[in-house]
Amino acid sequence: MSEPTSARAADLTLEEKAALTSGADFWTTKGIERVGIPSLMLTDGPHGLRKQGGATDHLGLAGSIPATCFPPAVGLSASFDPELAERIGVALGNESAIEDVAVILGPGINIKRSPLCGRNFEYMSEDPIVSGVMGAALVRGIQSQGVGSSLKHYAANNQETDRLRVSSDVDPRTLREIYLRGFQRVVEDAQPWTVMCSYNRINGVYASEDPWLLTQVLRDEWGFEGIVVSDWGAVSDRVAGVAAGMDLEMPGSGGRTDAEIVTAVRDGRLAESALDTVADRLIDLARKAQARPAASGPLDVAAHHALAREAAGRSIVLLKNEGGILPLRRTANLAVIGEFARTPRYQGAGSSQINPTRVDSALDEIRHKCTGGVTFAAGFTIGEEAPAAEEAAALREEAVAAAASAHTVVLFLGVPAHEESEGFDRTHIDLPAAQLELLDAIREVNGDIVVVLSNGGVVALPFADRVPAILEAWLLGQAGGGGTADVLFGAVNPSGRLAETIPLRLEDTPAYGSFPGEHGHVHYGEGLLVGYRWYDARRMEVAYPFGHGLSYTSFTYGAAAAATTAEGDVVVTVPVTNTGPRAGREVVQVYVSVPGSSVQRAPRELKTFSSVEIEPGRTAQVSLRIRRADLAYWDVRVDRWIVEGGDYVVEVGASSRDIRTSITVTLEGEKVTLPATLNSSIEEMLDDPVVGAELRASIEEKFGADSQLLKLLGNFPVGRLDGFPLPRDEMVALVERAQRG
Ligand code: BGC
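Here the structure is a predicted model, which is why all the values come from computation and not from measurement. (Residues numbered from 1 in each chain as written. Predicted model: local features only at pLDDT ≥ 70, side-chain atom pairs only at ≥ 80, totals over all residues. Heavy atoms only, no water.)

## Here we look at the site of the ligand
Logical step 1: Near the ligand lie 15 residues; those nearest to it are Asp44, Arg119, His153, Tyr199 and Asp231.
Logical step 2: Between the ligand and the protein, one listed contact pairs an oxygen atom with a side-chain N or O atom of Glu422 at 2.9 Å.
Logical step 3: Here the ligand has 310 Å² of accessible area as a free molecule, and 100% of this is covered by the chains. (Near = heavy atom within 4 Å. Polar contact = N/O pair within 3.5 Å; in protein donor to acceptor, adjacent residues only side chain to side chain. Areas by Shrake-Rupley, 256 points an atom, 1.4 Å probe, with all protein chains shown as cover.)

## Structural notes on the nonpolar core
Logical step 1: Grouped together as the largest cluster of nonpolar side chains are 113 residues, with contacts concentrated most on Ile37, Tyr154 and Trp232.
Logical step 2: Once residues lying within four places of it in the same chain are set aside, the contact partners of Ile37 are Thr5, Ala7, Leu12, Leu20, Gly31, Ile32, Ile283 and Ala286.
Logical step 3: Val317, Leu334, Phe412 and Ile442 belong to the second largest nonpolar core, which has 70 residues in total. (Core = buried A, V, L, I, M, F, W, Y, C linked by side-chain atoms within 4.5 Å. Buried < 20%, exposed > 50% of the residue type's maximum accessible area, 1.4 Å probe, protein only. Contact = heavy atoms within 4.5 Å.)

## Let's talk about the packing of helix α3 (residues 82-98) against helix α4 (residues 128-143)
Logical step 1: As a packed pair, α3 and α4 sit with axes 6 Å apart at the nearest point and diverge in direction by 35°. α3 and α4 meet at a crossing whose hand is right-handed. Between α3, through Pro82, Ala85, Glu86, Ile88, Gly89, Val90, Leu92 and Gly93, and α4, the contact on the second element is made entirely by Val133, Met134, Ala137, Leu138, Arg140, Gly141 and Ile142. (Axes fitted to C-alpha atoms, helices over the stretch in contact; angles between N-to-C directions. Helix = DSSP H or I, 4+ residues; strand = E, 2+ residues; numbered from the N terminus. Left-handed = near helix turned anticlockwise from the far one by under 90°.)

## So, the side chain of Asn578
Logical step 1: Structurally, Asn578 is set in strand β18 (residues 570-578).
Logical step 2: The buried category is assigned to Asn578, whose relative accessible area is 0%.
Logical step 3: Filtering out sequence-adjacent residues up to four positions away, Asn578 remains in contact with Thr553, Ser554, Phe555, Ala583, Gly584, Ile614, Glu615, Pro616, Gly617 and Arg618.

## Topic: the domain arrangement of the protein chain
By convention, interface size is frequently given as the accessible area that disappears when the constituent parts associate.
Logical step 1: On domain assignment, one finds that the protein chain holds domain 1 (13-290), domain 2 (308-500), domain 3 (555-667) and domain 4 (682-740).
Logical step 2: Between domain 1 and domain 4, the C-alpha centre-to-centre distance is 52 Å. (Domains from an automatic or database assignment.)

## Looking at the packing of aromatic side chains
Logical step 1: The final tally for this structure, using the stated rule, is 12 aromatic pairs.
Logical step 2: One aromatic cluster is present, built from ring pairs that chain together Phe80, Tyr532, Phe546, Tyr591 and Phe609.
Logical step 3: We note Arg176 situated over the ring of Trp634; from NZ or CZ to the ring centre the distance is 3.8 Å.
Logical step 4: The side chain of Arg538 reaches across the aromatic face of Trp534, ending 4.1 Å from its centre. (Phe/Tyr/Trp six-rings, centres within 6.5 Å; stacked < 30°, edge-to-face > 60°. Lys NZ or Arg CZ within 6 Å of the ring centre and 35° of its normal.)

## Regarding the packing of α3 against helix α10 (residues 301-315)
Logical step 1: Between α3 and α10, whose axes approach to 11 Å, the crossing angle comes to 150°. Classified by the angle their axes make, α3 and α10 are roughly antiparallel. Taken as a pair, α3 and α10 cross one another with a handedness that is left-handed. Contacts from Leu84, Arg87, Ile88, Ala91, Asn94 and Glu95 in α3 reach His304, Leu307, Glu310, Ala311 and Arg314 in α10. (Parallel < 35°, antiparallel > 145°, perpendicular 65-115°, else oblique.)

## Details of the sheet that holds strand β12 (residues 408-414)
Logical step 1: Taken in spatial order, the six strands of this open sheet run β9-β14-β13-β12-β10-β11, and their pairing is mixed. Sheet topology places β9 (317-321) and β11 (374-377) at the edges, where each strand pairs with a single neighbour. Strand after strand, the sheet turns through a mean of 15° between neighbouring axes, direction not considered.
Logical step 2: Bridge analysis of strand β10 (residues 334-337) against β11 gives four bridges, and the strand direction is parallel. Across the sheet, Leu334 pairs through a bridge with Val374, a residue of β11. (Pairing = 2+ DSSP bridges.)

## A look at the pairing of β18
Logical step 1: Within β18, seven of the nine residues are buried, which leaves it mostly tucked inside the rest of the structure.
Logical step 2: As judged from the three bridges shared by strand β16 (residues 555-557) and β18, these two strands associate in the antiparallel manner. Within β18, the position partnered with Phe555 by the bridge is Asn578.
Logical step 3: Connecting strand β17 (residues 561-564) to the next strand, β18, in antiparallel fashion are five residues, including Gly568 with a positive phi near 95°.
Logical step 4: Strand direction decides the pairing type here: β18 and strand β21 (residues 619-626), joined by eight bridges, are antiparallel. Looking at β21, one finds that Thr577 is bridged to Thr619.

See the structure below:
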């Protein structure tokens, strides 16, 4: 690239500054040649490069150049391994650099509020720590190659229904602790070059013109130094956007909105200094892109495919494995059934759709490995058109016959592509009836069934107790076929964990009834209780809990120990022993609960995790750090994070419902002192550091040390009843003294 520009906003005309704030076309920004500002290309993202050559669109309709399709976030997040995610980020950055792409549009880390969200395949988790840790790792990897990432979609964009207008109505504590926490983590840890603001409104205000979201929280509180780019078409009022800190409108508006900005500055409706700030940030972005070291092309297709295969194997979650039916012996005689084995569903549809360099099918890869004979039968179709009844019956009969004569059945079930995509939400979480009927028909002739699932959003598993083994194989990218065969035959010991709960029924899910809202509003009525937080709080049965995933080996946990660091973090150590016959990875998970909390808390919340490789018979001393900041709750009274003092129960386990050891740590906390007023309650005044003791003494003197009285009347504001608990003038004087401190 050319020498980095030394231009500043001050060197540009008003028109030039305005021109910088919107795209030249669909994927590129405007350069200003006379001062050496280049035009930059931004393109999707997130699990591969989607650089369109000819026709352009943001829904993946027109083709793009071949690139490696890594596992989408739904798969990668299940690895619970930021080191792996970072390596994928490096590969994404490298592919972008080779193609001269300045910014790749990802990762997407929106919380999976409901399994119905059509884009869940592109998002990481129902938990903000998983989303934040995995997202930060991807960003670090991408940006290590001198390419920017775009953290998206900021924020509270948790559905596709009416996504360009809907208002996500979320209370402030939930917003901070659940929906913003992951974004905060990525910004603070990895400083993405860009953040993409979402289409929707948050509590009535468009994300693309919200100064609270884009400036106060993102920059002033979290220290974001990059630019905010609009999601494609997210701009409703461009001038308000500039004032709010929304730097770059994409795609371009053909100059219309640039002219609006110029007019607004001339009319005095927009401060030129606000435009200068935005222009300077955009010049900084250009400078960063210009500083990228030359990429060493051409793309190493084979190496990246191998990485995609490794990631695919690591993304698979072994949900169930009764009687050790897995791993399969290479000499087993297999019936491989289900169209997905031959025609893999390996990514979702929409703007993230990659044109892969190659695609492996599980059927081919199984055939490579298996020496005992493989019979394939499609069993069902996966197109949008249902087949004629006779065709469906013939497919089923052929599959049942294959199953009857095989030793073991590997049955590929899944969600057909047309049911899941960006742009619309699902209406149910069921597998197609034809597939469930096929499973039952096969069970009549052969019970040794290994189900392999292909799906972007979770599905109900009504057959879970009727088959001995289930592999949740998500959407695994272009090498998913190889990764699946690796796990089936034990070349890879499964270590994926559920980054989202698999519920028993849609009706059990937290947002059921309020998703996707109506008439322009969606009310996040479940509040903090998203995902496992909900099922645990309600003590509900689930099909498979958050964090669950089996291995071909077994692990035991010793007793956890915990120590507090000088910064107030909690370091947990736990010995984990591989007690089984083969090497494997354990994902050690640390949950925290605060039984005596003064605010609502979920029964347990994930605070940190680690994926550790352990040889058979060996013990690893696993050390995990809980950041003090992650123990904080958002206090709406004072609008800041508060770590309460008191006992924290630290639970260490193999899933959210498989806790193996726990320890209690007592932490010093911050006390929230609210300004005393006549509207403070008696209880609050009794807690006041200046006058509390005096008030208690007066009450006890007057009414006796009767705790029942305080229980009954403690929530009365001190100014409400004249004479109680003190005469009015004394009470006023006391409040004034408390205020003076
Ligand atoms: C999507 C973004 C994507 C953009 C560009 C939008 O429709 O929401 O995720 O990056 O298009 O394709």
